Amino acid sequence: MVELEQEAQKKVRALLIGAHEEPKELMGLVDTLGMETASTMVLTRIEPTPAYGIGKGKVTEILDKAKLLFADCIIFDWDIDPTKQRNWEKASGKPVFDRNEVILRIFAQRAQTKEAVLQVELARLTYSLPRLSHMYGDMARQRGGSYGAKGSGETQLELDRRQVEDKIIQIKKELAQVQINRDTQRKQRERTETASCALVGYTNAGKSSLLNALTGADAFVENKLFATLDPTTRKLALAEGSSVLLTDTVGFISNLPHTLINAFKSTLDEAAKATLLLIVVDASDSECKKQYEQVLHVLKEIHAESVPSLIVLNKIDAVTDSVVMSQLDAAFPKAIKVSAHTQQGFETLLAAVTEQLLGNEAEYLVPSSQPQLVELVRKNGTITHEEWLDDGVHLTARIPPQSRTFALLSPYTTGAQK
C-alpha cells in the first residue's frame, strides 16, 4: 500500500522539445503544472513533414530518448495540429501535446471564480474539438497525472462532437450574461466618472504583489507562472484624498493561445476599457524587453494599444549590477522603478498615476450662478482651494482630463496648469 501511495505521488516526467533554443519558459510552465522535466531537446533545423512535422531521423531520436528517460509524456514548444498529435502518440505510446495544452491545463488548475471556470472550460473545449481522438485520460491514469480538474480527461473521451458543440454554445450564453453584468457595473462607474487603472504585464512580473503593496489587498501571490487568473479590484488612495480603482489582470505570455484570448475577452476588457494601464515589467528578468514587447502585442490584439499607459519596472531591488541597470535605463527610459517588496519608488509612481488620472492642478473662476459646476468638481475631481467672492467661485482643482467635468470647466480656466 505504501509503495502504491509513493507511486501515485511521483511527478509526471516530461521530455520537452524546443525549436532553435532551450525551452526555458516551457520548463517554467511544466513546473507550474506540477510536472517534472526529465530532459530537453533543441531542434536546430526543422524539416516540415506531413506525418510528424519534422524529419524521420529526429522522430526516431526523440522517441528513443523518451524511452531511455522513462518519460511519461512528450511536450512540444510549438503548436501541433491534431493529425500530427495522433501520429506522435501512436508512434510513442505516450501522451504528446504542445505548449498551448500546457497553458490550458494550468488555467484549469488556477481558475477559482465561476467566470474563470467558464472561460477556461470554453477554451479547453474549443481546443479539444478537433482532438477528440487524442489520448485524453491516459495522463490521469499515470502516476501523478492531472489535468487540473478531476476526471477531465476521461470526460473528454466520453464526449462526442455534438456534445462538445452543445456545451460550447451553453458556456457562451453564460459568459454573455457575465459580460452584460460587467458592462452594467462599468456603466455605473462611468456615470460617477470613477477613474480605473489596470495592472497588465507578463505572467509572474509581480502584478499581484504590487496590488497588495499599493492597496493593502490580499490577492494570492506565488512565484509561479499564472499564479492568479481572476481579476481583483481594489481602491487605490491618491493625493488630496482622491482615489481610483486598481485592477490586477491575468498575466500575458508569448504565444498565448487564441482560444484563451477569446475566452477571457470579458476579463481582458478590464484592460481595454481602463482609464490608465500600468504595464508591469520584471526588471530582474533577463528577458524583460522581449516580454514587454509581447505584452504590447497582446494589448494590440485586445484593442487596448491606445489606452494611456505608464511603464513600471518592478523588482528593481533585485537588480544590483550597474551594467544591467544601464541597459534597463536605455531600454525603458521613461519607466518608473519600483519594488513591491520594499515599496521603493511608490511615491513617484503614485504621483505619476495622480497626474495621469486626475490631471494637473489648474485655477478656475466659476460664475456664482452655476454652483452645480462646483458640485461636479467636488464629486469628480479634487479641490485644493475654494473661495466664494463677489466675482464668482475661485477654485484650484485637479480634474480628470478626459472627463465630462473637465470639458464643462474648461471655459472657466483662469491660470495655467501647475
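To be clear, the structure that these remarks concern was listed above.
Quick summary incoming for the structure in this document. Every chain's residues receive numbers from 1 upward, in the order its sequence appears when written. Reporting of local features is limited, given that this is a predicted model, to residues whose pLDDT is at least 70; pairs of side-chain atoms are given and counted only at 80 or more, and all residues count toward the totals for whole chains, interfaces and linings. In computing side-chain properties, one takes all heavy atoms of the structure into account and sets aside hydrogens as well as water.

## Side note on the overall build of the protein chain
Secondary structure is summarised from DSSP: a helix means a run of H or I of at least four residues, a strand means a run of E of at least two, and numbering begins at the N terminus for each. Within the protein chain, the regular secondary structure consists of 17 helices and 13 strands. Partly exposed describes any residue whose relative accessible area lies between the buried limit of under 20% and the exposed limit of over 50%, with all areas from a 1.4 Å probe on protein chains only and scaled to the type maximum. Of all 418 residues assigned to the protein chain, the portion counted as buried reaches 49%. Any two residues whose heavy atoms approach within 4.5 Å at even a single point are treated as in contact. Sequence-distant contacts in the protein chain: of pairs separated by 6 or more residues, those separated by 24 or more amount to 68%. Surface accessibility follows the Shrake-Rupley procedure with a 1.4 Å probe radius. Residue values consider only the protein chains on display as shielding. Within the structure as shown, the protein chain displays about 20,400 Å² of accessible surface, and the carbon and sulfur contribution to it stands at 50%.

## Things to note about the sheet that holds strand S11 (residues 361-366)
Judged by pairing direction, the sheet is antiparallel, and its 3 strands sit side by side in the order S11-S13-S12 without closing on themselves. The open sheet is flanked by S11 and strand S12 (382-389), the only strands paired with a single partner. Within this sheet the neighbouring strands show an average axis-to-axis angle of 15 degrees, counted without direction. Should DSSP find at least two bridges between two strands, the strands are regarded as paired. Relative to strand S13 (residues 392-398), S12 is paired through 7 bridges, and the arrangement is antiparallel. Counted as the bridge partner of Leu-389 is Gly-392 from S13. Axes here mean lines fitted to C-alpha atoms, for a helix over just the part in contact, with angles spanning 0 to 180 degrees between N-to-C directions. Where helix H16 (residues 371-380) meets the sheet, its contacts fall on S11, S12 and S13, and the angle it forms with S12 comes to roughly 160 degrees.

## Here we look at the packing of aromatic side chains
Pairing of aromatic rings covers Phe, Tyr and Trp, the last counted by its six-membered ring, and requires centre-to-centre distances within 6.5 Å; plane angles under 30 degrees mean stacked, over 60 mean edge-to-face, and any other angle means tilted. In this structure the tally under the stated criterion is 4 aromatic pairs. Relative to Trp-88, the ring of Phe-76 has its centre 5.0 Å away and its plane inclined at 55 degrees; by these criteria the two rings are tilted. A residue pair is termed long-range when its members are at least 10 positions apart, and Phe-76 in strand S3 (residues 73-76) and Trp-88 in helix H4 (residues 82-92) qualify at 12 residues. One exposure class covers both Phe-76 and Trp-88, and it is buried. An aromatic cluster is defined as three or more aromatic residues linked by ring pairs; in this entry it consists of Tyr-52, Phe-76, Trp-78 and Trp-88. Here, a charge over a ring means that NZ of Lys or CZ of Arg falls within 6 Å of the ring centre while also lying within 35 degrees of the ring normal. Above the plane of the ring of Phe-97 lies Arg-105, whose end atom (NZ or CZ) is 3.9 Å from the centre.

## Some details on unusual backbone geometry
Of note in this structure, Asn-204 is not a glycine but carries a positive phi near 70 degrees. Structurally, Asn-204 is set in the loop between strand S5 (196-201) and helix H10 (207-215).

## Examining the packing of helix H5 (residues 99-110) against helix H6 (residues 114-128)
Where H5 contacts H6, the two axes come as close as 9 Å, and the packing angle between them is 150 degrees. With respect to each other, H5 and H6 are oriented roughly antiparallel. Taken as a pair, H5 and H6 cross one another with a handedness that is left-handed. Contact with H5, carried on its side by Asn-100, Glu-101, Leu-104, Phe-107 and Ala-108, involves Val-120, Ala-123, Arg-124 and Tyr-127 of H6 and no other residues of that element. Only Asp, Glu, Lys and Arg are considered charged, only Ala, Val, Leu, Ile, Met, Phe, Trp, Tyr, Cys and Pro nonpolar, and every remaining residue, Gly among them, polar. Partitioned by chemical class, the residues of the contact of H5 with H6 number 6 nonpolar, 1 polar and 2 charged. Angles below 35 degrees are treated as roughly parallel, those above 145 as roughly antiparallel, those between 65 and 115 as roughly perpendicular, and all remaining angles as oblique. For any pair of crossing helices, the crossing counts as left-handed if the nearer helix is rotated counterclockwise from the farther one by less than a right angle, and right-handed if it is rotated clockwise.

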